[in-house]
Amino acid sequence: MLNTFRWIIGHATMLPFSFSYFVLSKLLGRQKALAIVGKILTKVSVMSLNSIIPKMHDNNFLDFKDKVIRNFCSHKLLYDVEVQSESNESVQFKILNCPFTSALKNLGTPELCRFACAGDFVIAKMNKNNWKFTRTHSLGTDGICCNHAYYSLDCKSKESVEEKHY
């Protein structure tokens, strides 16, 4: 039942992007279509992630960490989320499924996955003065898992990873 729900949500959300990409590919070519649809998909991803990744107030990383854990765990209808580690300076997640990148792959547009996954880094860049972010794997790009990690700016054990998306 849960997998069916995830399948429906993922496909209903990603079908317009895949369809647009197919149509625009015929009219403009694959690269131009990818650039147009990918940019829109990343913007939608950022809007969606804004409901999960809270704003940080008063440089209070502990409060931010507690809220991001609560928010990720409250999305268990969509994702299988595990908190891999947690300290006063960091929190690391492991996400084992993504209905959105799975749908893009099923719909024959895996090249759009990197744009769906790019939202994490866009939000991290917007918050670079509040916290650091790393992710070395994503279900959309290498298929292993998504391993999001958030660190306080005072944390010395990890450096933020930059990734090119476009």
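Residues numbered from 1 in each chain as written. Predicted model: local features only at pLDDT ≥ 70, side-chain atom pairs only at ≥ 80, totals over all residues. Heavy atoms only, no water.

## Describing the overall build of the protein chain
Next, step 1: Regarding its fold elements, the protein chain presents 6 helices and 4 strands.
Next, step 2: Counted from the first residue to the last, the protein chain has its helices and strands arranged as α-α-α-β-β-α-α-α-β-β.
Next, step 3: For 166 residues, the compact-globule formula gives about 15 Å, and the C-alpha radius of gyration of the protein chain, at 16 Å, lands near that figure.
Next, step 4: Its C-alpha atoms put the protein chain at 50 × 35 × 25 Å along the principal axes.
Next, step 5: In the protein chain, which comprises 166 residues, the proportion classed as buried is 43%.
Next, step 6: Across the protein chain, the fraction of contacts at a sequence separation of at least 24, relative to all contacts at a separation of at least 6, is 58%.
Next, step 7: A total of about 9200 Å² of accessible surface is found on the protein chain, and carbon and sulfur atoms cover 57% of it.
Next, step 8: Of the charged side chains in the protein chain, 21 are positive and 14 negative; the average position of the first set lies 9 Å away from that of the second. (Helix = DSSP H or I, 4+ residues; strand = E, 2+ residues; numbered from the N terminus. Rg over C-alpha atoms; globule rule 2.2 N^0.38 Å. Buried < 20%, exposed > 50% of the residue type's maximum accessible area, 1.4 Å probe, protein only. Contact = heavy atoms within 4.5 Å. Areas by Shrake-Rupley, 256 points an atom, 1.4 Å probe, with all protein chains shown as cover. Lys, Arg positive; Asp, Glu negative; His and termini not counted. Charge placed at Lys NZ, Arg CZ, Asp CG, Glu CD.)

## Notes on the layout of surface pockets
Next, step 1: Approximately 370 Å³ is the volume found for the largest pocket.
Next, step 2: Looking at the lining of the largest pocket, the elements that each hand over two or more residues are α1 (2-28), α2 (30-49), α4 (99-106), α5 (113-117) and α6 (119-126).
Next, step 3: In terms of residues, the lining of the largest pocket owes the most to one element, α2, which gives 5 residues. (1 Å grid on protein atoms, 1.4 Å probe; cavity = no way out; pocket = protein on both sides within 12 Å on 5 of 7 lines; lining within 4 Å. Points joined across faces, edges and corners; volume = space filled by probe spheres on them.)

## Side note on α2
Next, step 1: Over its 20 residues, α2 runs 27 Å from end to end, which matches the ideal 28 Å to within 8%, given 1.5 Å per residue.
Next, step 2: If you check which residues of α2 are buried, you get Ala33, Leu34, Val37, Gly38, Leu41, Thr42, Ser45, Val46 and Leu49.
Next, step 3: For α2, the secondary structure elements touched by its buried residues are α1, α4, α5 and α6. (Expected span 1.5 Å × (residues − 1).)

## Thoughts on the sheet that holds strand β2 (residues 90-95)
Next, step 1: Pairing is antiparallel in the open sheet, where 4 strands are placed in the order β1-β2-β4-β3. Looking at strand neighbours, the two that pair on one side only are β1 (81-86) and β3 (131-134), the edges of this open sheet. Averaged over all pairs of adjacent strands, the angle between strand axes in this sheet comes to 20 degrees, irrespective of strand direction.
Next, step 2: Packed on one face of the sheet, helix α3 (residues 61-73) meets β1, β2, β3 and β4 (149-152) and runs near 15 degrees to β2. (Pairing = 2+ DSSP bridges. Axes fitted to C-alpha atoms, helices over the stretch in contact; angles between N-to-C directions.)

## A look at the side chain of Ser152
Next, step 1: When you line up the elements, Ser152 lands in strand β4.
Next, step 2: The contact partners of Ser152, leaving out residues within four places of it in the chain, are Phe61, Glu89 and Lys132.

## Focus on the packing of α1 against α4
Next, step 1: The contact between α1 and α4 brings their axes to 8 Å, and the two run at 60 degrees. When the axes of α1 and α4 are compared, the pair comes out oblique. For the element pair α1 and α4, the recorded crossing hand is right-handed. Of α4, the residues touching α1 (which contributes Arg6, Trp7, Ile9, Gly10, His11, Thr13, Met14 and Ser18) are Pro99, Phe100, Ala103, Leu104 and Asn106.
Next, step 2: In the contact of α1 with α4, the residues fall into 7 nonpolar, 5 polar and 1 charged. (Parallel < 35°, antiparallel > 145°, perpendicular 65-115°, else oblique. Left-handed = near helix turned anticlockwise from the far one by under 90°. Nonpolar A, V, L, I, M, F, W, Y, C, P; charged D, E, K, R; others polar.)

## Section: unusual backbone geometry
Next, step 1: Positive phi is not limited to glycine here, since Asp58 has a value of about 55 degrees.
Next, step 2: Positionally, Asp58 belongs in the loop between α2 and α3.
Next, step 3: Of note, Asn59 is a non-glycine position whose phi angle comes to about 50 degrees, a positive value.
Next, step 4: With respect to the secondary-structure elements, Asn59 resides in the loop between α2 and α3.
Next, step 5: We classify Asn59 as exposed; its relative accessible area is 60%.

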